[in-house]
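Residues per chain, in single letters:
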Amino acid sequence: MTTPRIVVLGAGYAGMMTTKRLTQQFAPEEAEITLVNKHNYHYQTTWLHEVAAGTIDVNRSRIMITDVINPRRVNIVHDSVVKIHPDDKQVELSNSMLEYDYLVIGLGFEKATFGIQGMEEHAFSIQSVDKSRMIRDHIEYQFSRYKTEENPSDDLLTIIVGGAGFTGIEFVGELAERIPQLCKKYDIPRNRVKIINIEAAETVLPGFDEELIAYAVHSLTDRGIDIRTKTMIKEVKKDAVIVGEEKEEIKAGTIVWTGGVQANRIVGESGFELTKGKVNVDSTLRAPNYDNVFILGDCAWVMNKETGRPYPPTAQIAIQEADVCAHNIRTLVFGGTLREFKFDNKGTVASLGGSEAMGTIFDGHKLYGLQAKMMKNVIDDRYLFMLGGPSLVLKKGKFRPF
Ligand code: FAD
Ligand code: NAD
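Residue positions are given per chain, counting from 1 as you read along its sequence in written order. Naming scheme: in the order in which they are written, chains are lettered from A and ligands are numbered from 1. Local features in this predicted model are restricted to residues whose pLDDT is 70 or higher, and side-chain atom pairs enter the listing and the counts only when it is 80 or higher, whereas totals over whole chains, interfaces and linings include all residues.

Operational definition: UniProt positions are given in the numbering used here, feature names are shortened, and annotations may be inferred rather than shown by experiment.
The protein chain is annotated in an unreviewed UniProt entry as NAD(P)/FAD-dependent oxidoreductase from Gracilibacillus marinus. UniProt lists a comment for the protein chain under the heading Cofactor (unreviewed entry), and it reads "FAD".

As structure tokens, this is what we get:
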């Protein structure tokens, strides 16, 4: 038997954990494992709202891939995927072609703009380390402009966040902490700065626990966030958003879109069939019509058989999928029974900035404030432990509640 070639695309939660598990499932001589990523680092997507607000340093969210994946076991390719050719079992990179026997796609998400006019061109998105850093720098640039321009408009200091799902809520929570620091640095009264979170649905975090929603809204409005629900963004201009049936125009110096995500566009462009922006994989996590291609994380929908609806795309699921994916690739190589993915929901905890957070754990037990914040840190540190053991926790972990 020739050595099977396993190629993993993307070093996010799904890609990193799958690669790690593959090195445990296969002895070095049993498989040739390749991990492709556009950066030489892995980043904590779940911390990007903090990078975007400027409440943590960019480097805190980055982990060098070679710090956690042994380059003697895994061929680490620092390059960008351009297109996948599943019928030819090839992946086109910017600088070369790769051939595979088994493929794992973990290329993550990109913003879904739902065709809203001007969104693509004029709104920032919390999508990668580089894009998040740009938001941080842009906000600070607007403060700087405000101090140097003659007769500056207060609109420069208005930040609009479109969408109040978990990303939007977590981001405005960080802004509530960061803006007072910037006001101090630039000597600008806090009341000149507006942070407006615009949500189309009846409430923020639609579908989430009502008490926790109420807690989050209270915590955020108390710290100066203007939350506008039942308000749909219809259009985005260079310096304004247009909302509602009345087409109200709200001017802003910074516009950030957190209104939804879809699979990395490479997946659709490579011919995989998309349903609402992602690929419906089977219960073994494989793509329709391609038994040797696994699609994980934010590129895929996995059906919850109990509700008949797909699980929401989260890091928690991406990490759990890695175990099943690595097991199933071994099974395809050596025989045995394929495992079906079953989501073990450990809860949802969201940070609201500083020492504020809220969420549910395990069986729906609710947590608020400092207790929730500590739990959020435990969740983050647990992932670091799974990925890189105690040394990574010591290097990058979160120990203080804020
Ligand atoms: P990603 O983590 O996005 O990784 C994709 C990887 O692919 C990246 O390393 C990227 O560089 C690489 N890549 C992309 N394109 C290419 C290319 N062309 N070539 C090569 N490499 C490429 N979920 C939770 O469970 N808990 C949370 O608390 C939580 N908080 C969040 C906070 C924020 C601000 C956001 C935005 C999301 C949050 N999520 C959270 C959701 C979670 O981050 C995603 O579900 C998760 O990142 C999906 O993992 P992934 O491996 O599919 O993709
Ligand atoms: P989302 O799709 O969950 O939320 C987007 C929000 O934008 C929705 O509330 C939607 O009603 C609103 N929206 C859409 N179009 C709009 C419009 N035109 N005008 C105004 N509002 C509009 O997206 P997300 O918040 O980026 O989350 C993506 C995934 O990541 C989810 O699965 C989420 O659970 C997960 N996530 C989890 C956490 C956590 O667990 N702490 C944090 C962040 C993200």
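**A few points about the overall build of the protein chain**
Spelled out, the test is: A run of DSSP states H or I qualifies as a helix once it reaches four residues; a run of E qualifies as a strand once it reaches two. Both are numbered from the N-terminal end. Using C-alpha atoms as the atom set, the radius of gyration is obtained and then compared with a globule rule of 2.2 Å times the number of residues to the power 0.38. Any residue with 12 or fewer other C-beta atoms within 10 Å of its own C-beta is exposed, any with 20 or more is buried, and the rest are partly exposed; the C-beta atoms used are placed from the backbone. We call two residues in contact when the distance between their C-beta atoms, placed using the backbone, is within 7 Å.
When helices and strands are counted, the protein chain shows 10 helices and 28 strands. Relative to a compact globule of 402 residues, whose C-alpha radius of gyration would be 21 Å, the protein chain shows 22 Å and is just as compact. With the principal axes as the frame, the protein chain shows a C-alpha extent of 75 × 40 × 40 Å. In the protein chain, which comprises 402 residues, the share counted as buried stands at 45%. Taking the contacts inside the protein chain whose residues are at least 6 apart along the sequence as the reference set, 65% of them involve residues at least 24 apart.

**Remarks on the site of ligand 2**
Stated precisely, the cut-off is as follows: In this text, near has one meaning. A residue is near a molecule or strand if its C-beta atom, placed using the backbone, is within 6 Å of it. Residues are grouped as follows: Ala, Val, Leu, Ile, Met, Phe, Trp, Tyr, Cys and Pro are nonpolar; Asp, Glu, Lys and Arg are charged; all remaining types, including Gly, are polar. By convention here, the domain bounds are inherited from an automatic or database domain assignment.
Looking at ligand 2, there are 25 residues lining it, with Gly163, Gly165, Phe166, Thr167 and Pro312 nearest. Put simply, the parts of the chain that give the shell around ligand 2 at least two residues each are α6 (166-186) and β26 (347-351). For the shell around ligand 2, the element with the highest residue contribution is α6, accounting for four residues. Across the shell around ligand 2, the residue classes tally to 13 nonpolar, 10 polar and two charged. Structurally, the shell around ligand 2 is a two-domain feature, drawing no fewer than three residues from each of domain 1 (5-38 + 79-111 + 262-344) and domain 2 (119-259).

**Some details on the sheet that holds β26**
This is how the line gets drawn: Only strands joined by at least two bridges in the DSSP assignment are considered to pair. All axes are obtained by fitting lines to C-alpha atoms, using only the stretch in contact for helices, and the reported angles, taken between N-to-C directions, cover 0 to 180 degrees.
Strand order in the open sheet formed by three strands is β26-β27-β28, with antiparallel pairing between adjacent strands. Every other strand in the sheet has two partners, leaving β26 and β28 (365-368) as the edge strands with one partner each. On average, each strand axis in the sheet is inclined to that of its neighbour by 10°, with strand direction left out of account. The strands that helix α7 (residues 210-222) touches are β27 (357-361) and β28; relative to β27, the one it contacts most, it runs at about 165°.

**As for the site of ligand 1**
Taken together, 33 residues lie around ligand 1, and Gly10, Gly12, Gly108, Gly297 and Thr314 are the ones closest in. Elements with a minimum of two residues in the shell around ligand 1: α1 (13-25), β2 (32-37), α2 (48-53), α6 and α9 (315-334). For the shell around ligand 1, the residue count by class is 13 nonpolar, 17 polar and three charged. Residue contributions to the shell around ligand 1 reach at least three from each of two domains, namely domain 1 (5-38 + 79-111 + 262-344) and domain 2 (119-259).

**Some details on the UniProt feature "domain: FAD/NAD(P)-binding" (unreviewed entry) in the protein chain**
With numbering matched to this structure, UniProt assigns "domain: FAD/NAD(P)-binding" (unreviewed entry) to residues 5-322. End C-alpha atoms of residues 5-322 are separated by 17 Å, and the span's content is 30% helix alongside 29% strand.

**Focus on the domain arrangement of the protein chain**
The domains assigned to the protein chain are domain 1 (5-38 + 79-111 + 262-344) and domain 2 (119-259). For domain 1 versus domain 2, the distance between C-alpha centres works out to 34 Å.

**Side note on the pairing of strand β7 (residues 90-93)**
Direction of pairing for strand β6 (residues 81-85) relative to β7: antiparallel, over a ladder of four bridges. By the bridge assignment for β7, His85 is matched with Gln90. Here β7 pairs with strand β8 (residues 97-99) via three bridges, running antiparallel. Within the sheet, the bridge partner assigned to Glu92 lies in β8 and is Met97. A loop of three residues connects β7 with β8, the two strands running antiparallel in sequence.

**Some thoughts on the packing of α1 against α9**
Note the cut-off: Here a crossing is called left-handed whenever its near helix is offset anticlockwise from the far helix by less than a right angle, and right-handed whenever the offset is clockwise.
The interhelical angle for the contact between α1 and α9, taken along N-to-C directions, is 35°, at an axis separation of 8 Å. The two elements α1 and α9 meet at a crossing, and its hand is right-handed. For the pair α1 and α9, contact is made by Tyr13, Ala14, Met17, Thr18, Arg21, Leu22 and Gln25 and by Ala315, Ala318, Ile319, Glu321, Ala322, Asp323, Cys325, Ala326, His327, Ile329 and Arg330, respectively. Across the contact of α1 with α9, the residue classes tally to 11 nonpolar, three polar and four charged.

**Some points on the environment of Leu332**
Examined against the element boundaries, Leu332 turns out to sit in helix α9. Judged by the 19 C-beta atoms lying within 10 Å of it, Leu332 falls in the partly exposed class. Counting along the chain gives 41 residues from Leu332 to Asp291, while the straight-line C-alpha distance between them is 9.2 Å.

**So, the nonpolar core**
Heads up, the condition is: To define a nonpolar core, we join buried Ala, Val, Leu, Ile, Met, Phe, Trp, Tyr and Cys residues through C-beta atoms within 7 Å and take the resulting set.
If you look at the biggest cluster of nonpolar residues, it comprises 59 residues, and the most contacted ones within it are Ile105, Ile295 and Leu296. Listed in part, the 56 residues of the second largest apolar core include Ala123, Val161, Ala164 and Ala176.

**Thoughts on the confidence of the model for the protein chain**
Caution applies to low-pLDDT parts of the model: their predicted coordinates are not meant to be read in detail. We apply this condition: Every residue carries a pLDDT, the predictor's confidence in it, which falls somewhere between 0 and 100.
In this model, the protein chain carries an average pLDDT of 96, and 99% of its residues clear a pLDDT of 70 or more. The complex prediction reports pTM at 0.97, with the ipTM value standing at 0.99.

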